[in-house]
Amino acid sequence: MLLTLEKMSRRTPRTNPHRPAPGLSGQSVAVVGAGKSGVAAARLLAVLGAKVALVDHKPETEWTMSVSDVRGVHPFGGERFEQGLEAVDLVIVSPGVSPALEAFGGVRRRGVPIVGEVELASWFFSVPVIGVTGTNGKSTVVSLLGTLLQECGSTPFVGGNLGPPLTEAALAVQQRARMGPDAPAPFHEIVAELSSFQLETIDRFHPHVAVLLNITPDHLDRHPSFADYARAKANIFRNQTSEDFAVLNADEALVRDVRDSLQGQLIEFSVFNEVPNGVWVSGEMIVTRWNGQRDELMPVSDIPLPGNHNVSNVLAALAVGMVMGCSRDGMRRAVRSFQGLPHVCEVVRKRRGVTFINDSKGTNVDATLKAIASLRQPFVIILGGKEKGRSEFGRLKDALRPGVKHCIVLGESADVIAQAIEGVGAISRVSSLAEGITLAADLAAQGEAVLFSPACASFDMFRDYRDRGQQFRDLVNALTD
């Protein structure tokens, strides 16, 4: 059965079947945003022979070194931002740049297309694309899928919102093509983590397998409404055909609502209920059903990561593995060996019987709720950072009550969080992460935990969630025994 599907997926490897990629040689293209994604897009376009304007609101002195070695890329920074958008044939926006930017008004009036870096990259793919989106869990699923495919003998490119930009994969394809027809393929499939920012700027992007994990409020400082955010997530299915596969979380009501609009073949996964076609938990076993054939794959207890949310993430990855024709043994090995991601419920240290947990990637309320649910001991929690729109911090109260010993809040949102969770117990405000960790270490007793899960973005005090998580690690490890 799986072998038949494996052959099918290899017969239909298209990612963008609507029309061939446009000729970009000699075209004038503006790439907006000089971060990692923008620089990767500019490098790809330069190799393709385009005349590239790399545009950013930051002064050129802060970022031009990243493209100083690339011929054909011209920087437009600071006050020259809008000048870089003049007389171009195409605009590529980085994920961090809103397509609703006022400066794009003139571009649109001239009828110039505006698409994202993911869309650009996808024009040059000829291998299957596995796209994964959702508010939470997508980095874990994408990373596990990379491990799973490798265990099954494949060579995936893993990137997108996590890891290298997809334009780096497209550049590898171009470089391989120049080596001649006998050159080995750089990878056999692309596993892409896709944010709402990336999906709102697609046109023809077409994943052969599209996964939607969950939809909960997030990024409402960027999207006009939760409905707009949800629509951006659902865009992942927009260009699929009946030859493709749509993998949905059957435990999530908003995800189930997408079923009726799907063109791809429906595959589901569920922690709580049996599904007609897909992967679910039955008692203590993970069970699959594919084309009517039911099979017990492995015990749930083989999953090394804590919490039902991680069981759900593993089921999603196994559903994709089933679709891609992965072997049972390879999938089992991948799940059993997977230790999770840095900054995601990561145990940093045990000190004086207290477990310190780094969940810096918990950048929204739902992520923090999942981190809290994974704990089995009393805990001190450190919350706070930069609020992303209208966050519902009050939703934390019921989750905190049973086990929280003390709440520590910091950052721009400290007062808002403290007010929202008032009544759950003692709350302390601190001015820095170092102060918060020192206080938490004093408050937590043997057998308890200190959970750092901010429920907020990091940009008020840190470069990003990785910087925030690394500082947490360093400060915790610096505590004397």
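Quick note: structure is the one above.
These remarks concern the structure in this document. As the structure is a computational prediction, the values presented were derived from the model and not from experiment.

Scoring rules and cut-offs
- Residues numbered from 1 in each chain as written.
- Predicted model: local features only at pLDDT ≥ 70, side-chain atom pairs only at ≥ 80, totals over all residues.
- Heavy atoms only, no water.
- Pairing = 2+ DSSP bridges.
- Helix = DSSP H or I, 4+ residues; strand = E, 2+ residues; numbered from the N terminus.
- Axes fitted to C-alpha atoms, helices over the stretch in contact; angles between N-to-C directions.
- Contact = heavy atoms within 4.5 Å.
- Buried < 20%, exposed > 50% of the residue type's maximum accessible area, 1.4 Å probe, protein only.
- 1 Å grid on protein atoms, 1.4 Å probe; cavity = no way out; pocket = protein on both sides within 12 Å on 5 of 7 lines; lining within 4 Å.
- Points joined across faces, edges and corners; volume = space filled by probe spheres on them.
- Nonpolar A, V, L, I, M, F, W, Y, C, P; charged D, E, K, R; others polar.
- Polar contact = N/O pair within 3.5 Å; in protein donor to acceptor, adjacent residues only side chain to side chain.
- Phe/Tyr/Trp six-rings, centres within 6.5 Å; stacked < 30°, edge-to-face > 60°.
- Lys NZ or Arg CZ within 6 Å of the ring centre and 35° of its normal.
- Parallel < 35°, antiparallel > 145°, perpendicular 65-115°, else oblique.
- Left-handed = near helix turned anticlockwise from the far one by under 90°.
- Salt bridge = Lys/Arg side-chain N within 4 Å of Asp/Glu carboxyl O.
- Core = buried A, V, L, I, M, F, W, Y, C linked by side-chain atoms within 4.5 Å.

Considering the sheet that holds strand S16 (residues 354-358)
So, point 1. Strand order across the open sheet formed by six strands is S15-S16-S20-S17-S18-S19, with mixed pairing between neighbours. Each end of this open sheet is capped by a strand with a single partner; those strands are strand S15 (346-351) and strand S19 (427-429). Geometrically, the sheet is characterised by an average inter-axis angle of 20° between neighbouring strands, direction not taken into account.
So, point 2. Relative to S19, strand S18 (residues 404-409) runs parallel, the two sharing three bridges. Looking at S19, one finds that cysteine 407 is bridged to isoleucine 427.
So, point 3. Contacts from helix H12 (residues 365-373) reach strand S17 (379-383) and strand S20 (449-452), with the element oriented near 165° to S17.
So, point 4. Strands in contact with helix H16 (residues 465-477) are S15, S16, S17 and S20; relative to S15, the strand with the most contacts, it is inclined by about 15°.

A closer look at the sheet that holds strand S5 (residues 114-116)
The pairing of strands in a sheet comes from backbone hydrogen bonds and takes either a parallel or an antiparallel form.
So, point 1. Read from one edge to the other, the open sheet built from five strands follows the order S3-S2-S1-S4-S5, with strand pairing classed as parallel. The outermost strands of the open sheet, each flanked by one partner alone, are strand S3 (73-77) and S5. The mean angle between the axes of side-by-side strands here comes to 25°, regardless of whether they run parallel or antiparallel.
So, point 2. Taken together, the five bridges between strand S1 (residues 28-32) and strand S2 (residues 51-56) define a ladder with parallel strand orientation. Bridge pairing in S2 places alanine 30 opposite alanine 53.
So, point 3. On the sheet, helix H2 (residues 36-47) packs against S1, S2, S3 and strand S4 (90-93) and is oriented at approximately 170° with respect to S2.

So, the environment of aspartate 474
So, point 1. Residue placement: aspartate 474 occurs in helix H16.
So, point 2. Its relative accessible area of 44% is what places aspartate 474 among the partly exposed residues.
So, point 3. Along the backbone, aspartate 474 and aspartate 203 are 271 residues apart, and their C-alpha atoms lie at a distance of 43 Å.

Considering empty space enclosed by the protein
So, point 1. Summed over the entire model, instances satisfying the criterion amount to two cavities of 30 Å³ or more.
So, point 2. Taken as a whole, the largest cavity spans an internal volume of roughly 100 Å³.
So, point 3. In terms of lining, the largest cavity is formed by Pro217, Asp218, His219, Leu220, Asn364, Val365, Asp366, Lys388, Arg390, Ser391, Glu392 and Arg395.
So, point 4. Looking at the lining of the largest cavity residue by residue, the classes come out as three nonpolar, three polar and six charged.
So, point 5. Here the second largest cavity is characterised by a volume of approximately 30 Å³.
So, point 6. Along the walls of the second largest cavity sit Gly384, Gly385, Leu410, Phe452, Asp460, Met461, Phe462 and Arg468, which together make up its complete lining.
So, point 7. The class makeup of the residues in the lining of the second largest cavity is four nonpolar, two polar and two charged.

Digging into the side chain of serine 413
So, point 1. The residue serine 413 is located in the loop between S18 and helix H14 (414-420) in this model.
So, point 2. In this structure serine 413 comes out as buried when scored by relative accessible area, which is 2%.
So, point 3. A distance of 3.0 Å separates the side chain of serine 413 from the backbone oxygen of glycine 385, its partner in a polar contact.
So, point 4. Setting aside residues up to four positions removed in sequence, serine 413 forms contacts with Gly384, Gly385, Glu387, Phe393 and Cys456.

Focus on the packing of aromatic side chains
So, point 1. The tally for this structure, following the rule as stated, stands at four aromatic pairs.
So, point 2. Judged by centre distance (4.9 Å) and plane angle (15°), the rings of phenylalanine 452 and phenylalanine 472 are stacked. In this pair, phenylalanine 452 sits in strand S20 while phenylalanine 472 sits in helix H16, placing the two residues 20 residues apart along the sequence. Here phenylalanine 452 matches phenylalanine 472 in class, with each residue buried.
So, point 3. If you follow arginine 222 out to its NZ or CZ, it ends over the ring of phenylalanine 197, 3.9 Å from the centre.
So, point 4. In this structure, lysine 361 is placed above the aromatic ring of tyrosine 465, and the distance from its NZ or CZ to the ring centre is 5.4 Å.

Some points on the packing of helix H15 (residues 433-443) against H16
So, point 1. At their nearest, the axes of H15 and H16 sit 10 Å apart, and the two run at 45° to each other. Looking at the two axes, H15 sits oblique to H16. In this structure, H15 meets H16 at a crossing whose hand is right-handed. Side by side, H15 and H16 meet where Leu433, Ala434 and Ile437 of the first sit next to Arg468, Gln471, Phe472, Leu475 and Val476 of the second.
So, point 2. Classifying every residue of the contact of H15 with H16 gives six nonpolar, one polar and one charged.

A look at the pattern of salt bridges
So, point 1. The full count for this structure, using the stated rule, is 20 salt bridges.
So, point 2. Arginine 336 is the partner of aspartate 302 in a salt bridge, and the nearest nitrogen-oxygen pair spans 2.7 Å. Here aspartate 302, found in the loop between strand S14 (293-299) and helix H10 (308-323), pairs with arginine 336, found in helix H11 (residues 328-337); they are 34 residues apart in sequence, far enough to count as distant.
So, point 3. With relative accessibility at 22%, the residue aspartate 302 sits in the partly exposed group.
So, point 4. Arginine 463 serves as the salt-bridge partner of aspartate 467, at 3.9 Å between the closest nitrogen and oxygen.
So, point 5. Members of the salt-bridge network, linked through shared partners, are Asp366, Glu392 and Arg395.

A few points about unusual backbone geometry
So, point 1. One non-glycine residue, asparagine 291, lies in positive phi territory at about 50°.
So, point 2. Along the chain, the position of asparagine 291 falls in the loop between strand S13 (285-290) and S14.
So, point 3. A positive phi is found at alanine 455, a non-glycine position, where the angle reads about 60°.
So, point 4. With respect to the element layout, alanine 455 can be found in the loop between S20 and H16.

Some details on the nonpolar core
So, point 1. Within the largest apolar cluster, 54 residues are counted, with the highest numbers of intra-cluster contacts made by Leu45, Leu54, Ile92, Leu120, Ile190 and Phe237.
So, point 2. With six residues, the top contributor of residues to this core is H2.
So, point 3. For leucine 45, the residues in contact, after removing those within four places along its chain, are Leu24, Val29, Val31, Ala50, Val52, Ile92 and Leu120.
So, point 4. Of all hydrophobic cores here, the second largest spans 43 residues; its members include Leu149, Val300, Leu305 and Val323.

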